[in-house]
Amino acid sequence: MERTLVIVKPDGVQRGLTGEIISRFERRGLRMAAMKLMQIPLELAQQLYAVHKGKHFYEGLIQYITSSPVVVMVLEGKDAIEIVRRTMGATNPAQAAPGTIRADLALETGRNLVHGSDSLETAKYEVPLFFNDDEILSYPRDTDRWIFE
Ligand code: IDP
Ligand code: MG
(Lines give C-alpha, C1' and ligand atoms only; values in the text may rest on other atoms or scores of the structure.)
(Ligands and ions follow the chains in the order given, each with its own letter.)
Protein backbone atom coordinates (compact mmCIF):
# COMPACT_ATOMS: atom_id res chain seq x y z
CA MET A 1 0.00 0.00 0.00
CA GLU A 2 1.25 3.46 -0.90
CA ARG A 3 0.47 6.72 0.84
CA THR A 4 0.21 10.02 -0.98
CA LEU A 5 -0.48 13.64 -0.03
CA VAL A 6 -3.49 15.30 -1.64
CA ILE A 7 -4.47 18.95 -1.23
CA VAL A 8 -7.74 20.54 -2.29
CA LYS A 9 -6.23 23.93 -3.11
CA PRO A 10 -7.78 27.30 -2.12
CA ASP A 11 -9.79 27.55 -5.35
CA GLY A 12 -11.33 24.13 -4.66
CA VAL A 13 -12.45 25.13 -1.16
CA GLN A 14 -13.62 28.60 -2.24
CA ARG A 15 -15.60 27.20 -5.17
CA GLY A 16 -17.36 24.62 -3.00
CA LEU A 17 -15.71 21.72 -4.83
CA THR A 18 -14.09 20.07 -1.79
CA GLY A 19 -16.70 17.32 -1.57
CA GLU A 20 -16.72 16.72 -5.32
CA ILE A 21 -12.93 16.37 -5.40
CA ILE A 22 -12.69 14.12 -2.35
CA SER A 23 -15.58 12.08 -3.69
CA ARG A 24 -13.72 11.26 -6.91
CA PHE A 25 -10.86 9.73 -4.93
CA GLU A 26 -13.16 8.08 -2.43
CA ARG A 27 -15.34 6.46 -5.10
CA ARG A 28 -12.29 5.01 -6.82
CA GLY A 29 -11.64 3.10 -3.62
CA LEU A 30 -8.70 4.98 -2.14
CA ARG A 31 -8.72 4.90 1.65
CA MET A 32 -8.61 8.14 3.62
CA ALA A 33 -5.80 7.90 6.16
CA ALA A 34 -5.73 11.53 7.37
CA MET A 35 -7.54 14.79 6.65
CA LYS A 36 -7.70 18.39 7.89
CA LEU A 37 -8.74 21.94 6.97
CA MET A 38 -5.96 24.48 7.39
CA GLN A 39 -4.47 27.66 5.98
CA ILE A 40 -0.94 26.86 4.83
CA PRO A 41 1.62 29.19 6.47
CA LEU A 42 4.25 30.77 4.21
CA GLU A 43 7.13 28.65 5.47
CA LEU A 44 5.25 25.39 4.88
CA ALA A 45 4.26 26.51 1.37
CA GLN A 46 7.93 27.20 0.64
CA GLN A 47 8.83 23.68 1.83
CA LEU A 48 6.05 22.08 -0.20
CA TYR A 49 7.09 23.86 -3.37
CA ALA A 50 10.85 24.03 -2.75
CA VAL A 51 11.53 22.27 -6.09
CA HIS A 52 9.88 25.16 -7.93
CA LYS A 53 11.86 27.95 -6.28
CA GLY A 54 13.24 30.31 -8.94
CA LYS A 55 10.72 29.33 -11.63
CA HIS A 56 8.63 32.08 -13.23
CA PHE A 57 5.42 30.92 -11.53
CA TYR A 58 6.90 30.39 -8.04
CA GLU A 59 5.83 33.67 -6.40
CA GLY A 60 2.30 33.38 -7.78
CA LEU A 61 2.11 29.76 -6.67
CA ILE A 62 3.11 30.60 -3.08
CA GLN A 63 0.62 33.46 -3.04
CA TYR A 64 -2.13 31.14 -4.39
CA ILE A 65 -1.57 28.21 -2.04
CA THR A 66 -1.39 30.42 1.08
CA SER A 67 -4.30 32.71 0.09
CA SER A 68 -7.17 30.81 1.71
CA PRO A 69 -7.81 27.51 3.53
CA VAL A 70 -7.11 24.15 1.93
CA VAL A 71 -8.15 20.60 2.76
CA VAL A 72 -5.12 18.34 3.12
CA MET A 73 -5.32 14.58 3.21
CA VAL A 74 -3.34 11.38 3.04
CA LEU A 75 -4.80 8.75 0.75
CA GLU A 76 -3.78 5.13 0.83
CA GLY A 77 -4.04 2.28 -1.64
CA LYS A 78 -2.21 0.09 -4.13
CA ASP A 79 -0.43 2.44 -6.57
CA ALA A 80 -2.13 5.37 -4.81
CA ILE A 81 0.41 7.89 -6.11
CA GLU A 82 -0.15 7.18 -9.78
CA ILE A 83 -3.88 6.68 -9.38
CA VAL A 84 -4.23 10.07 -7.70
CA ARG A 85 -2.16 11.77 -10.41
CA ARG A 86 -4.25 10.21 -13.16
CA THR A 87 -7.48 11.12 -11.38
CA MET A 88 -6.25 14.74 -11.09
CA GLY A 89 -5.21 15.07 -14.74
CA ALA A 90 -2.40 17.06 -16.33
CA THR A 91 -1.05 20.18 -14.59
CA ASN A 92 -2.59 22.40 -17.27
CA PRO A 93 -6.37 21.80 -17.19
CA ALA A 94 -6.57 22.77 -20.85
CA GLN A 95 -4.50 19.69 -21.65
CA ALA A 96 -5.94 17.35 -19.02
CA ALA A 97 -7.86 14.31 -20.24
CA PRO A 98 -11.65 14.59 -20.06
CA GLY A 99 -12.98 12.84 -16.97
CA THR A 100 -10.14 14.08 -14.78
CA ILE A 101 -10.69 16.59 -11.97
CA ARG A 102 -8.68 19.32 -13.65
CA ALA A 103 -10.30 18.86 -17.06
CA ASP A 104 -13.82 18.67 -15.72
CA LEU A 105 -13.64 21.46 -13.14
CA ALA A 106 -10.81 23.87 -14.01
CA LEU A 107 -9.41 25.97 -16.87
CA GLU A 108 -5.97 27.31 -15.93
CA THR A 109 -2.68 25.91 -14.61
CA GLY A 110 -2.50 28.54 -11.87
CA ARG A 111 -5.97 27.55 -10.60
CA ASN A 112 -5.89 23.79 -11.05
CA LEU A 113 -7.73 22.85 -7.84
CA VAL A 114 -5.72 19.95 -6.53
CA HIS A 115 -2.24 18.79 -5.54
CA GLY A 116 -0.99 15.20 -5.44
CA SER A 117 2.51 13.89 -4.71
CA ASP A 118 4.23 13.01 -7.99
CA SER A 119 6.43 10.08 -6.87
CA LEU A 120 7.13 7.78 -3.94
CA GLU A 121 10.10 9.95 -2.97
CA THR A 122 7.97 13.12 -3.10
CA ALA A 123 5.19 11.51 -1.06
CA LYS A 124 7.70 10.51 1.63
CA TYR A 125 8.83 14.14 1.79
CA GLU A 126 5.39 15.76 1.61
CA VAL A 127 3.27 13.65 3.97
CA PRO A 128 5.35 14.44 7.11
CA LEU A 129 5.25 18.16 6.27
CA PHE A 130 1.52 18.06 7.10
CA PHE A 131 0.89 15.11 9.41
CA ASN A 132 2.55 13.46 12.39
CA ASP A 133 2.66 9.67 12.40
CA ASP A 134 -0.06 9.47 15.04
CA GLU A 135 -2.46 11.49 12.84
CA ILE A 136 -2.30 8.95 10.01
CA LEU A 137 -4.68 6.06 10.54
CA SER A 138 -4.34 2.65 8.97
CA TYR A 139 -7.50 0.63 9.33
CA PRO A 140 -9.19 -2.21 7.51
CA ARG A 141 -12.44 -1.51 5.69
CA ASP A 142 -15.04 -4.18 5.21
CA THR A 143 -15.10 -3.22 1.52
CA ASP A 144 -11.35 -3.68 0.98
CA ARG A 145 -11.81 -7.18 -0.41
CA TRP A 146 -14.25 -5.78 -2.98
CA ILE A 147 -11.75 -3.11 -4.05
CA PHE A 148 -8.39 -4.89 -3.87
CA GLU A 149 -7.99 -8.30 -5.52
P1 IDP B 1 1.58 19.40 -10.51
O2 IDP B 1 0.74 20.12 -9.50
O3 IDP B 1 0.75 18.81 -11.61
O4 IDP B 1 2.52 18.40 -9.90
P5 IDP B 1 3.92 21.10 -10.91
O6 IDP B 1 4.67 21.23 -12.20
O7 IDP B 1 4.57 20.36 -9.80
O8 IDP B 1 2.47 20.51 -11.25
O9 IDP B 1 3.59 22.58 -10.44
C10 IDP B 1 3.05 22.80 -9.14
C11 IDP B 1 1.93 23.78 -9.24
O12 IDP B 1 2.44 25.05 -9.66
C13 IDP B 1 0.86 23.46 -10.30
O14 IDP B 1 -0.11 22.54 -9.85
C15 IDP B 1 0.27 24.83 -10.54
O16 IDP B 1 -0.62 25.19 -9.48
C17 IDP B 1 1.50 25.73 -10.44
N18 IDP B 1 2.09 25.98 -11.76
C19 IDP B 1 2.93 25.18 -12.45
N20 IDP B 1 3.28 25.73 -13.64
C21 IDP B 1 2.64 26.92 -13.69
C22 IDP B 1 2.56 27.97 -14.68
O23 IDP B 1 3.16 27.91 -15.75
N24 IDP B 1 1.77 29.03 -14.36
C25 IDP B 1 1.08 29.12 -13.19
N26 IDP B 1 1.12 28.17 -12.25
C27 IDP B 1 1.88 27.07 -12.49
MG1 MG C 1 4.20 18.63 -8.69
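Just so we're clear, the structure is a prediction, and the values are computed from it rather than from any experiment.

Definitions and limits used
- Residues numbered from 1 in each chain as written.
- Chains lettered and ligands numbered in written order.
- Predicted model: local features only at pLDDT ≥ 70, side-chain atom pairs only at ≥ 80, totals over all residues.
- Heavy atoms only, no water.
- Helix = DSSP H or I, 4+ residues; strand = E, 2+ residues; numbered from the N terminus.
- Buried < 20%, exposed > 50% of the residue type's maximum accessible area, 1.4 Å probe, protein only.
- Axes fitted to C-alpha atoms, helices over the stretch in contact; angles between N-to-C directions.
- Parallel < 35°, antiparallel > 145°, perpendicular 65-115°, else oblique.
- Left-handed = near helix turned anticlockwise from the far one by under 90°.
- Contact = heavy atoms within 4.5 Å.
- Nonpolar A, V, L, I, M, F, W, Y, C, P; charged D, E, K, R; others polar.

Counting through the fold element by element, Thr-66 comes out in helix α4 (residues 58-66). The exposure class assigned to Thr-66 is buried, which follows from its relative accessible area of 18%.

Let us now look at the packing of helix α2 (residues 18-28) against helix α5 (residues 80-88). Orientation of α2 relative to α5, taken along the N-to-C sense of each, is 135°, at an axis distance of 11 Å. Of the possible angle classes, the one that applies to α2 and α5 is oblique. Between α2 and α5 lies a crossing whose hand is right-handed. Two secondary-structure elements touch here, α2 through Arg-24, Phe-25 and Arg-28 and α5 through Ile-83, Val-84, Thr-87 and Met-88. Among the residues making up the contact of α2 with α5, the classes are represented as four nonpolar, one polar and two charged.

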